[in-house]
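Remarks on the overall topology
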Amino acid sequence: MNFHQATYDERLLNEFKSGSTYKIPGDGSDAQKLIPVEMQRNTLKIPGVAEYDAVRHFTRLSQMNYSVDLGIYPLGSCTMKYNPKYADKITSLEQYSEMHPLQPEYSIQGSLRIMYELQEYLKKIADMDAVTLQPLAGAHGEFTGILIVRKYLEDTGQLDKRNEIIVPDSAHGTNPASAAMGGFNVVEVPSDSTGMVDVNALKAALSERTAAFMITNPSTLGMFERDIVEISKLVHDAGALLYYDGANFNAILGITSPGIMGFDIVHFNLHKTFATPHGGGGPGAGPVAVKKKLEKYLPVPRIGFDGSKYFEDYSSEKTIGRISPYFGAFAVLLRAWAYITYQGSDGLEKSSRKAVLNTNYITKRLSKHLSDPYGGIKKHEVVLSSANTPERALDIAKYLIDNGVHAPTVYFPLIVKEALMIEPTESVNKDDLDTFCDAVIGALKAGHDDLLHRPKNLSVGRIDEIKAAKDQVLTWSLQK
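Source: prediction; values computed, not measured.

A few words on the sheet that holds strand β4 (residues 210–216). Two strands in a sheet stick together by hydrogen bonds in their backbones, pointing the same way (parallel) or opposite ways (antiparallel). Across the sheet, which stays open at both edges, the 7 strands sit in the order β1-β7-β6-β5-β4-β2-β3 with mixed pairing between neighbours. Where the open sheet ends on each side, the last strands, each with one partner, are β1 (130–132) and β3 (185–189). On average, each strand axis in the sheet is tilted by 20° relative to the strand beside it, whichever way the strands run. Sheet topology note: the β1/strand β7 (residues 288–290) ladder contains 3 bridges and is antiparallel. Note on β7: the bridge partner recorded for Ala130 is Val290. Along the sheet, helix α8 (residues 228–237) makes contact with β4 and β5 (241–246), crossing β5 at roughly 135°.

Counting buried positions over the 7 residues of β4 gives 7, a clear majority of the element. Where β4 lies against β5, 5 bridges are found, and the strand directions are parallel. Bridge pairing links Ala212 to Leu241 in β5. On the question of chirality, the crossover connecting β4 to the parallel β5 by way of α8 is right-handed.

This brings us to the nonpolar core. Residues Met115, Leu122, Phe213, Phe249, Phe268 and Phe274 are the most contacted members of the largest nonpolar core, which totals 57 residues. If you list the elements that add at least two residues to this core, you get α4 (109–126), α7 (199–205), β4, α8, β5, β6 (265–268) and α11 (330–366). In terms of residues, this core owes the most to one element, α11, which gives 11 residues. Apart from residues no more than four positions distant in its own chain, Leu122 is found in contact with Val131, Leu133, Phe268, Phe274, Pro287 and Ile340. If you look at the next biggest cluster of nonpolar residues, it comprises 24 residues, including Leu366, Leu384, Ala397 and Tyr399.

Looking now at the sheet that holds strand β11 (residues 409–410). On the basis of which strands lie adjacent, the open sheet formed by 3 strands has the order β10-β12-β11 and antiparallel pairing. In the strand order of this sheet, the two ends are held by β10 (382–385) and β11, each with one partner. Both β10 and strand β12 (residues 419–422) contribute to a ladder of 4 bridges, which runs antiparallel. Across the sheet, Val382 pairs through a bridge with Ile422, a residue of β12. Sheet strands touched by α11: β10 and β12. Its angle to β10, the strand with the most contacts, is close to 15°.

Parameters and conventions
- Residues numbered from 1 in each chain as written.
- Predicted model: local features only at pLDDT ≥ 70, side-chain atom pairs only at ≥ 80, totals over all residues.
- Heavy atoms only, no water.
- Pairing = 2+ DSSP bridges.
- Helix = DSSP H or I, 4+ residues; strand = E, 2+ residues; numbered from the N terminus.
- Axes fitted to C-alpha atoms, helices over the stretch in contact; angles between N-to-C directions.
- Contact = heavy atoms within 4.5 Å.
- Buried < 20%, exposed > 50% of the residue type's maximum accessible area, 1.4 Å probe, protein only.
- Right-handed = clockwise from strand over helix to strand, strands pointing away.
- Core = buried A, V, L, I, M, F, W, Y, C linked by side-chain atoms within 4.5 Å.

Structure representation (structure tokens):
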């Protein structure tokens, strides 16, 4: 593949001066004369950008970027699947885009119905009893779940003694972070030689101090926890709660569920599982589902239905309170509702099966060249290692980017040396899979010296990874 990234010496938006003039449509008079002199001002510090300049600016920026609309985006553990345009179109309808969150209930019955139906969908998908749509991101959902754990322990008189949350060593970094933010001590248990949770280590870690065990299943190694039923029993026998990190839900839709496995709390990543945009730090949604005994602690309001109308339900007697303004990220919720409605239960299951099939196709092709530390059938993603080659995972990733193929996640999970964490998702075809595999094999054949000098075809060359993390420029004003 011949690839050269578009490169523009693009100005910041506030530096554009299009020279546009403005007038009130349909008003032939001098509008300024209608405003008292003492209320007039001559300048306003906003960009004077015409539509044509704004469109060209953002189009040029998009050409300097890579997105799910361009090709395979195999960023392991992030489930970067294609965002269907019908969901965007529905969200842009003025019945939704022009709605105000403070409108009275009778005037937003359609929107309340959508949120109510999404709650019901998520309950059924996860086999749980109650759902809140309020959290504004997956990590926010995690933190909400931990606050529910805390409230439950407080309400049952156990908070003083149960101050530990256990996580596996393959856990997402947000798990221990959420636990610590919730005021708990974090205990890590190792994986065994097959990549599963070491059950004996878990038994040793569980005690009267354990508040919850947080686990992702399938794990970040792309493997289904063989002992999940035993793990569930061990955790509950110890008097603790079992928390499901829903980041890898895309592997099991319609096949099994956290409820069947015995989990008490689940958070969903709508952007991963239900094809809403990731947002790049922008609007997101991380609904939380719980079993019946925890329902009263969910944030308010939830959306209720009395048989004739939908309403905001504030009746939870021991709620942890509101954790986001209004209804959460409605536009994201609407996209997820559209995706689930369009797919149906058979479509969701088909998506999961194809995602798993695609992962195993990549595993089959690339495990001839890279090591597969744990072997076996994969679920939604595979973690391979370049430790059996002279090349670093980072250099392989640079080669891929330099050839117009998005790189996988590298160096995570931490328990695999020179890790390349690959998640193709279901929204790619065989050509995409082969293009990716050919690019990885091409990197290994390119030679060590060649890889060290990549990228060559991008707007910037090899950047200083440490400086990028330690010396961040976060606002345009700091660039001046």
